[in-house]
Amino acid sequence: MDHRDIFSLEGKVALVTGAAYGIGYAIAKALAGAGASIAFNCRSSEHLREALAAYEADGISAKGYICDVTSEEQVAGMIADIKTELGSIDILVNNAGIIKRIPMTEMSAADFRQVVDIDLTATFIVSKAVIPNMIEKGHGKIINICSMMSELGRETVSAYAAAKGGLKMLTKNIASEYGKYNIQCNGIGPGYIATPQTAPLRETQPDGSRHPFDSFIISKTPAERWGTPEDLMGPAVFLASEASDFVNGHILYVDGGILSYIGRQP
Ligand code: NAP
Ligand code: GCO
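The structure contained in this document is the topic of the report that follows.

1. As for the site of ligand 1
Part 1 of the reasoning: Taken together, the neighbourhood of ligand 1 is formed by 30 residues, with Arg43, His47, Asn95, Tyr160 and Thr195 sitting nearest.
Part 2 of the reasoning: Note that an oxygen atom of ligand 1 is positioned 2.9 Å from one of the backbone N or O atoms of isoleucine 23.
Part 3 of the reasoning: A distance of 3.1 Å separates a nitrogen atom of ligand 1 from a polar atom in the side chain of aspartate 68.
Part 4 of the reasoning: Against a free-state accessible area of 890 Å², the protein chains account for coverage of 95% of ligand 1.
Part 5 of the reasoning: Every element with two or more residues in the shell around ligand 1 is listed here: helix H1 (22-33), strand S2 (37-42) and helix H5 (158-178).
Part 6 of the reasoning: Formed jointly, the shell around ligand 1 draws a minimum of three residues from each of two domains, domain 1 (5-191 + 228-256) and domain 2 (194-226).

Put into structure tokens, the structure is as follows:
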């Protein structure tokens, strides 16, 4: 029996976008722990500086880049720099994303477009830049960070849900179009995860009580807790490794069971 570690990422180069903190940071840390060389980007030089210190403290010699993933020019430059410094990319995690919580009828078209630009179009831009080298290498892994909102809607997140719903289908289309080159494209659909992005939904109320949305999510989650970025580490290593070479076009929901549960009776 072949005893090689099918979850090993030794010798692989991984780019995790938006991995200065939050979910991206945890995924990058997991891929590094499995042996990958890590590249990450963000927009803020302050975030970059802080992230490089955090990676170093975690024993990870990550390469960090200032790059807005909505800019084809900046993305092309970053990919070229990564190729020079680490090698061509084997694993791409399209993680960078924002949310704007505004009732749709009050949302400007500019705000709607910005969310779609970062949460959907940027995955097209970065994946388009990385796939040609994956084809040359004869393999590649693309992991798109989807959401509960790839399947469900809720008040005030119309742009985000539209983007994440589209990201689910873009994931399936990349899988369909490039599977013949031994490129697997899958999604991870996190549930509600405790990061800066969801901090406003978890703020303790002036009277010391939990935020109503916090209590709501607890009642909708069989695990009766918010997820942590660390909950996504194992699924990311699985989808980045040869252990998932015949998994393609799949959205792996890591949600504590939200999508299967009607919710606890009040
Ligand atoms: P976060 O804490 O707000 O981190 C977002 C990251 O993306 C930051 O590093 C940010 O860095 C970067 N970023 C944003 N726009 C960018 C751009 N245009 N170019 C480059 N980098 C950019 O978010 P998170 O909670 O970790 O979420 C990460 C991903 O998971 C997002 O796609 C989000 O939609 C998704 N997600 C989150 C949850 C959750 O509950 N937290 C659940 C499901 C899915 P800078 O600000 O420095 O650019
Ligand atoms: C919200 C939250 C969610 C999470 C995540 C759930 O306002 O509903 O921000 O959208 O970020 O996407 O999977």
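2. Quick notes on the site of ligand 2
Part 1 of the reasoning: Taken together, 14 residues sit near ligand 2, with Arg101, Ser147, Arg154, Tyr160 and Gln197 positioned nearest.
Part 2 of the reasoning: A distance of 2.6 Å separates an oxygen atom of ligand 2 from a polar atom in the side chain of serine 147.
Part 3 of the reasoning: Computed on the free molecule, ligand 2 has an accessible area of 330 Å², of which 96% lies beneath the protein chains in the complex.
Part 4 of the reasoning: Split by residue class, the shell around ligand 2 holds 8 nonpolar, 4 polar and 2 charged.
Part 5 of the reasoning: Shared between two domains, the shell around ligand 2 holds at least three residues of each, these being domain 1 (5-191 + 228-256) and domain 2 (194-226).

3. Structural notes on the packing of aromatic side chains
Part 1 of the reasoning: Following the criterion strictly, the structure yields 6 aromatic pairs and no others.
Part 2 of the reasoning: Joined through ring pairs, the aromatic side chains of Tyr192, Phe213, Phe216 and Trp226 make up one cluster.
Part 3 of the reasoning: Lying across the ring of tryptophan 226, arginine 202 places its NZ or CZ 5.4 Å from the centre.

4. With respect to helix H7 (residues 233-240)
Part 1 of the reasoning: Counting buried positions over the 8 residues of H7 gives 6, a clear majority of the element.
Part 2 of the reasoning: For H7, the set of buried residues is Met233, Pro235, Ala236, Val237, Leu239 and Ala240.
Part 3 of the reasoning: Residues of H7 that are buried sit in contact with H1, strand S4 (91-94), strand S5 (140-145), strand S6 (183-190) and strand S7 (251-254).

Conventions we followed
Residues numbered from 1 in each chain as written. Chains lettered and ligands numbered in written order. Predicted model: local features only at pLDDT ≥ 70, side-chain atom pairs only at ≥ 80, totals over all residues. Heavy atoms only, no water. Near = heavy atom within 4 Å. Polar contact = N/O pair within 3.5 Å; in protein donor to acceptor, adjacent residues only side chain to side chain. Areas by Shrake-Rupley, 256 points an atom, 1.4 Å probe, with all protein chains shown as cover. Helix = DSSP H or I, 4+ residues; strand = E, 2+ residues; numbered from the N terminus. Domains from an automatic or database assignment. Nonpolar A, V, L, I, M, F, W, Y, C, P; charged D, E, K, R; others polar. Phe/Tyr/Trp six-rings, centres within 6.5 Å; stacked < 30°, edge-to-face > 60°. Lys NZ or Arg CZ within 6 Å of the ring centre and 35° of its normal. Buried < 20%, exposed > 50% of the residue type's maximum accessible area, 1.4 Å probe, protein only. Contact = heavy atoms within 4.5 Å.

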